[in-house]
Structures are given as structure tokens and as C-alpha cells.
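Residue-level listing of the chains:
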Amino acid sequence: MRIGVFVLAAQFPGQEAGQVLADAVEVIVAAEEAGFDDAWVAEHHFMSYGVCPSATTLAAVALGRTSRIGLGTAVSVLSTQHPVALAEQAAMLHHLSGGRFTLGVGRGGPWVDLEVFGTGAERFERGFGESLDLLLDGLSGGPVAGDGEFFRFREVRVVPAASMRPVVACTSEATVGVAAERGLPMLLGMHIGDAEKAALVEDYAARGGSATDHVAAGVACVADSTEQAVREIKESLPRWLGPGLAGYVPVDDRPRPMRNIPAYVDLLARIHPVGSAEHCAATILRTAENTGIERFILLVEGLGEHRRTLENVRRFGAEVLPLLRTR
């Protein structure tokens, strides 16, 4: 079982974005010291939900500050960048880190990013498979050429060459199919519980997917009691999620889905490791048993204050990870 932290660079009210990014690196350093296996960083644009616009850049900084922990992107948005350029960045990080880097990619959403970066809604809606195939070719160590709807270019070879297999964020049946067809592991979000994750894993296998090293995201908060941890998360998370989720602006006139924030926070507290050390360990083991997933990335920034985030990371490492290592 591999347990990692999931770092969104979440900006709570009153925090300055540059300091949030600096704090995010410190969280990753603390996670390495606490015994976590991995740290995964997210990419978002133009919003306080996450103030890191380049997951590969933040991963590069964190790789330079650490020596053991794995670094991954959860995720780099493939719909708003050139897949071969992303392959070049991933190959660099692979070599410079001694193989500690894992590239996670996703389709993204129908957000204003598509307009700003000039890729358009069509690339989001129809171009993910084509982009992913070019990325895979770029990370194969062999040649890559574009001859599709969205990309046309002569054959080149990525330098430096690297052989890597990305992880694909899957939030829809269509994306599960794309990942399964290519034998790539899935990254499943923190917004769904065990039953939905298990159904996606089953659907993936039914579509012929060969990977078994899927990754599940969740929220983590450890306290003296489960009641205390749940209370603290319910008090803190809405301050970030309210303005953060409001930052998703559609690229066109389609309606923006709205979450019921209190209900969402209640769900996160119920289905993820939020509680005493024993409760947190039991929750992760339950999810592993129900889904077959053995890799977890846990959002540790839910308490808002940087000091409390570091305390959460260190306490989880000292009290929860030993309970999981004995499995």
C-alpha cells in the first residue's frame, strides 16, 4: 500500500497566493519527513480553489527540496496544453529526479481556461484521446508525429527520451474507456465513495483495462477523536470550498454545476479518513478492501492554517501510517 499527500495549494480567505505556494512546498517536505510515499500536486487556473497553475513546475521545486518521496501531478490538464510539450517536461523531471516523478493527466473541464489558452471547447470535448496518444508516443522513447484532427506535425523525437506511463484522472465513463483502452491506471476523485470507485474499477476491467495500480484521492484529518476531527473539518472546509468552487467559470453559456457545500463537506467527512488515528487507518483499509485500490493520495490542507496543516501531516505520519504498515 502506498500513501501520499494531495496538495492543491488551496487558498483560504485572507491568504496570499505566493505564500500558499511556498507553504505547499513545505508541506511536501514535511510529508517526506513523516514517512509518506508520495506527494501529488494539482493544477488550476484563475481560482482560489488551487493557486498552482503549473503542477510540473511545483513538482520540480519539490523534487529539488526532497530526496526520497515520489512526486506526481494530480493532474496536469491535457486539454489546455500541447501533449508533446508536456511529455518533454515529464521526461526532464523523470531524469532529474532519478525516476521519482509520475505524470498524472486529465481532461479538465469546460472552463474559461480553454478560451484563454486558445485550445477551445472542441479540444476538451473531442480531443482528449488524440492528445493522450501523442503524449504516450512522446513518452515511449520513440518518434512522435501528429496526423489527427487537432495536431498535425512532422515526426520528431522527444529529448531527453524517457519511457513513462501516465495516470489518467477518470470522472466519466468515457474517460474510463480511454484509460482502459490504453492500459493506463486511473486516478479517482475524492468526490465519490467506495461503491462508486469500485464500480469504476469494475467498468475499467470490463472494458479490457489491464492496469491494477489505480489511485484514489481523499481527505485526511487526524485528531484525538473522530468527533473532534469531523467538527474541525466541517468548520474549516466551507471557508475554502465556497469561494474556491465558485471560481469555475464555463467557457460558453452552458450552466455551471453547483454543489451544496455543507452536504459535500459532510460527505467528505463520512467517506474519508477524518477522525482518530484508528478510525483513519480503518477507513483506508475499508476502501482498499472494497475497491482493490492500494494507492491513496490524501488532501491534508483542509484545516486552513499552514501550522495546522503541518501538524496534520506529522501526526498522520506518526499515528496512522504505522497502523497501515502492519497490514
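My aim in this report is to walk through the structure given alongside it, one point at a time. These figures come from a predicted structure and were not determined experimentally.

**Quick look at the overall build of the chain**
Here comes step 1: The secondary structure content of the chain amounts to twelve helices and 14 strands.
Here comes step 2: A globule of 327 residues ought to have a C-alpha radius of gyration of about 20 Å, and the chain, at 19 Å, matches this closely.
Here comes step 3: Taken over the C-alpha atoms alone, the chain extends approximately 60 × 45 × 40 Å along its principal axes.
Here comes step 4: Intrachain contacts of the chain at a sequence separation of at least 6 include 74% that bridge at least 24 residues.
Here comes step 5: Here the chain has roughly 13400 Å² of accessible surface; of this, 52% comes from carbon and sulfur atoms.
Here comes step 6: If the 29 positive side-chain charges of the chain are averaged to one point and the 40 negative ones to another, these points end up 2 Å apart.

**Quick notes on helix α3 (residues 83-96)**
Here comes step 1: Over its 14 residues, α3 runs 20 Å from end to end, which matches the ideal 20 Å to within 8%, given 1.5 Å per residue.
Here comes step 2: Taken together, the buried positions of α3 are occupied by Pro83, Val84, Leu86, Ala87, Ala90, Ala91 and Leu93.
Here comes step 3: Immediately beyond the C-terminal end of α3, within one or two residues, lies Gly98, with a positive phi of roughly 70°.

**Regarding the packing of aromatic side chains**
Here comes step 1: Taken as a whole and judged by the stated rule, the model has six aromatic pairs.
Here comes step 2: Centroid distance Tyr49 to Trp240: 4.8 Å. Interplanar angle 20°. Geometry classified as stacked. Placement of the pair is Tyr49 in the loop between β2 (38-41) and α2 (55-65) and Trp240 in helix α9 (residues 226-245), with a sequence separation of 191 residues.
Here comes step 3: Residue classification places Trp240 among the buried residues on the basis of a relative accessible area of 2%.
Here comes step 4: Between the aromatic rings of Trp111 and Tyr248, the centroid separation amounts to 4.9 Å while the plane-to-plane angle is 45°, which identifies the pairing as tilted. Of this pair, Trp111 sits in the loop between β6 (104-106) and α4 (113-116) while Tyr248 sits in the loop between α9 and α10 (261-271); the two residues are 137 residues apart in sequence, bridging distant segments of the chain. We note that Trp111, like Tyr248, is buried.

**A few points about unusual backbone geometry**
Here comes step 1: In this structure, Val75 follows Ala74 across a cis peptide bond, with omega equal to 5°.
Here comes step 2: Within the secondary structure, Val75 is located in the loop between β3 (70-73) and β4 (76-77).
Here comes step 3: Here Val159 and Pro160 are connected by a cis peptide whose omega angle stands at 5°.
Here comes step 4: Along the polypeptide, Pro160 turns up in the loop between β8 (152-157) and β9 (167-169).
Here comes step 5: The backbone of Phe46 sits at a positive phi, close to 65°, despite the residue not being glycine.

About the cut-offs
- Residues numbered from 1 in each chain as written.
- Predicted model: local features only at pLDDT ≥ 70, side-chain atom pairs only at ≥ 80, totals over all residues.
- Heavy atoms only, no water.
- Helix = DSSP H or I, 4+ residues; strand = E, 2+ residues; numbered from the N terminus.
- Rg over C-alpha atoms; globule rule 2.2 N^0.38 Å.
- Contact = heavy atoms within 4.5 Å.
- Areas by Shrake-Rupley, 256 points an atom, 1.4 Å probe, with all protein chains shown as cover.
- Lys, Arg positive; Asp, Glu negative; His and termini not counted.
- Charge placed at Lys NZ, Arg CZ, Asp CG, Glu CD.
- Expected span 1.5 Å × (residues − 1).
- Buried < 20%, exposed > 50% of the residue type's maximum accessible area, 1.4 Å probe, protein only.
- Phe/Tyr/Trp six-rings, centres within 6.5 Å; stacked < 30°, edge-to-face > 60°.

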